[in-house]
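What the coordinates show
The residues making up each chain are set out below.
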Amino acid sequence: MGGGCLRRRLCLGGTRTLPFVRRYTAREIEAATKGFTAVLEAGGPRGTATAYRARFAGGLVATVRRAAAGSREGDSSSSKAAFYLELQLLARLNHRHVVRLRGFAEGHHARFLVFDHMENRSLKECLHDPLRTPLDWRTRLQVAIDIAAALEYLYYFCDPPVFHVSVNSGNVLMDANFVAKLSDVGVISHDLNLATTESFQDQVEQRRAALVFQYGVLVLELVTGQSPGGDGELVRWVQEPGFAGSMHRMVDADLGGVYDARELRDLVIVARLSTRHGSDGDGDGGAVISIPQIVRYLQGKVERLGGETRC
């Protein structure tokens, strides 16, 4: 995605023309979600639903999400302008490993976003639900490569870099073929002029450093099958001087010992470098490796080992 192109095409003013997404009516959303009964997630205030499975009249199966509260506060022209600008930005994201925005709707009391439906739900469920078939080693390795490629796209190829996402297994969704896609991508600035200032670029670098740490934790979760939790145990382990001697004992038992030892070493090295700047994940210490370096490293290793990547 070219930066200049993005900036030129987003001089919106008061326009509400959204050429890349479809505008649904509130009635279509209600019908597609069976009266908002096909609940996928219930993480809103007082346990209210935030995402629904939807089947539209044309046959499209999608996930409908309630827009964040900030995007629907009031009916002021500025609130609506910010909402439509965010739609324009999200609609132009075009990467195989980022969940695609298909449409939107506005009701009297809520706004909705319509995304591609991910049949196999979240990576978190794939790794930790005891009723699910465990992910094999090749799939886990591919997830690590694909998510790194998606992060490189969002944080290095999109110009200005106004997108942000938290990297965790709950935000990585798996399609029907277990291809990983990043979800819940947000827009951190609706002011594209502000996005070119020096102070904003400094913030971008801080977010990139924090992102590397989060990615390293995700890789550890893929390797070990353990939830990262809040105590930083996995990070402390991979930072120990003798971590290499215990690598094979830390591998997820659900793999049944079926994995490539060299690929395991490569992934754990990436996780070690990614989490080296501090266990608080705030990026203050500076990352010792970048997302583009991770992408090149993993792609090169897999290609030399005869693996086939989807990046």
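In this report, we go over the structure that sits alongside the text.

Parameters at a glance
- Residues numbered from 1 in each chain as written.
- Predicted model: local features only at pLDDT ≥ 70, side-chain atom pairs only at ≥ 80, totals over all residues.
- Heavy atoms only, no water.
- Pairing = 2+ DSSP bridges.
- Helix = DSSP H or I, 4+ residues; strand = E, 2+ residues; numbered from the N terminus.
- Axes fitted to C-alpha atoms, helices over the stretch in contact; angles between N-to-C directions.
- Parallel < 35°, antiparallel > 145°, perpendicular 65-115°, else oblique.
- Left-handed = near helix turned anticlockwise from the far one by under 90°.
- Contact = heavy atoms within 4.5 Å.
- Nonpolar A, V, L, I, M, F, W, Y, C, P; charged D, E, K, R; others polar.
- Phe/Tyr/Trp six-rings, centres within 6.5 Å; stacked < 30°, edge-to-face > 60°.
- Buried < 20%, exposed > 50% of the residue type's maximum accessible area, 1.4 Å probe, protein only.
- Lys NZ or Arg CZ within 6 Å of the ring centre and 35° of its normal.

Let us now look at the pairing of strand E3 (residues 51-55). Pairing between strand E2 (residues 39-41) and E3: two bridges, direction antiparallel. Within the sheet, the bridge partner assigned to glutamate 41 lies in E3 and is alanine 51. With five bridges joining them, E3 and strand E4 (residues 61-66) adopt antiparallel strand pairing. Directly across from arginine 53, in E4, lies its bridge partner threonine 63. Between E3 and the antiparallel strand that follows it, E4, lie five residues; glycine 59 among them carries a positive phi value of about 105°.

Moving on, we come to the packing of helix H5 (residues 137-157) against helix H9 (residues 261-274). Orientation of H5 relative to H9, taken along the N-to-C sense of each, is 30°, at an axis distance of 12 Å. Between H5 and H9, the interaxial angle falls into the category roughly parallel. The hand of the H5/H9 crossing is left-handed. The residues of H9 that touch H5, namely those facing Trp137, Arg138, Leu141 and Ala144, are Glu263, Leu264 and Leu267. Residues that form the contact of H5 with H9 fall into these classes: five nonpolar, no polar and two charged.

Two aromatic rings, taken as a pair, are described by how far apart their centres are and by the angle between their planes. This structure, assessed with the given rule, holds seven aromatic pairs. A centroid spacing of 6.3 Å and a plane angle of 70° characterise the contact between phenylalanine 83 and phenylalanine 104, whose relative ring orientation is edge-to-face. Taken together, the residues phenylalanine 83 in helix H3 (residues 77-91) and phenylalanine 104 in strand E5 (residues 101-106) connect sequence positions 21 residues apart. For the pair phenylalanine 83 and phenylalanine 104, a shared accessibility class is recorded, and that class is buried. Linked through ring pairs, Phe36, Tyr52 and Phe112 together constitute an aromatic cluster. Stacked on the ring of phenylalanine 36, the Lys or Arg arginine 66 has its end atom at 5.6 Å from the ring centre. The positively charged end of arginine 111 is found above the aromatic ring belonging to phenylalanine 83, 4.7 Å away from the centroid.

Across the sheet, which stays open at both edges, the six strands sit in the order E1-E5-E6-E4-E3-E2 with mixed pairing between neighbours. What marks the edges here is a single partner per strand, and that holds for strand E1 (22-24) and E2. The mean angle between the axes of side-by-side strands here comes to 30°, regardless of whether they run parallel or antiparallel. The pairing of E1 with E5 spans three bridges and is parallel. Its bridge partner being in E5, arginine 23 is matched across the sheet by phenylalanine 104.

It is worth spelling out the environment of lysine 301 at this point. With respect to the helices and strands, the residue lysine 301 is situated in helix H10 (residues 291-304). Residues lysine 301 and glutamate 263, spaced 38 residues apart in sequence, show a C-alpha to C-alpha distance of 7.8 Å.

Residues other than glycine seldom take positive phi values, yet arginine 121 does so here, at roughly 60°. Along the polypeptide, arginine 121 turns up in the loop between strand E6 (111-116) and helix H4 (123-128). Of note, aspartate 184 is a non-glycine position whose phi angle comes to about 60°, a positive value. Looking at where aspartate 184 falls in the secondary structure, it is placed in the loop between strand E9 (180-182) and strand E10 (186-187).

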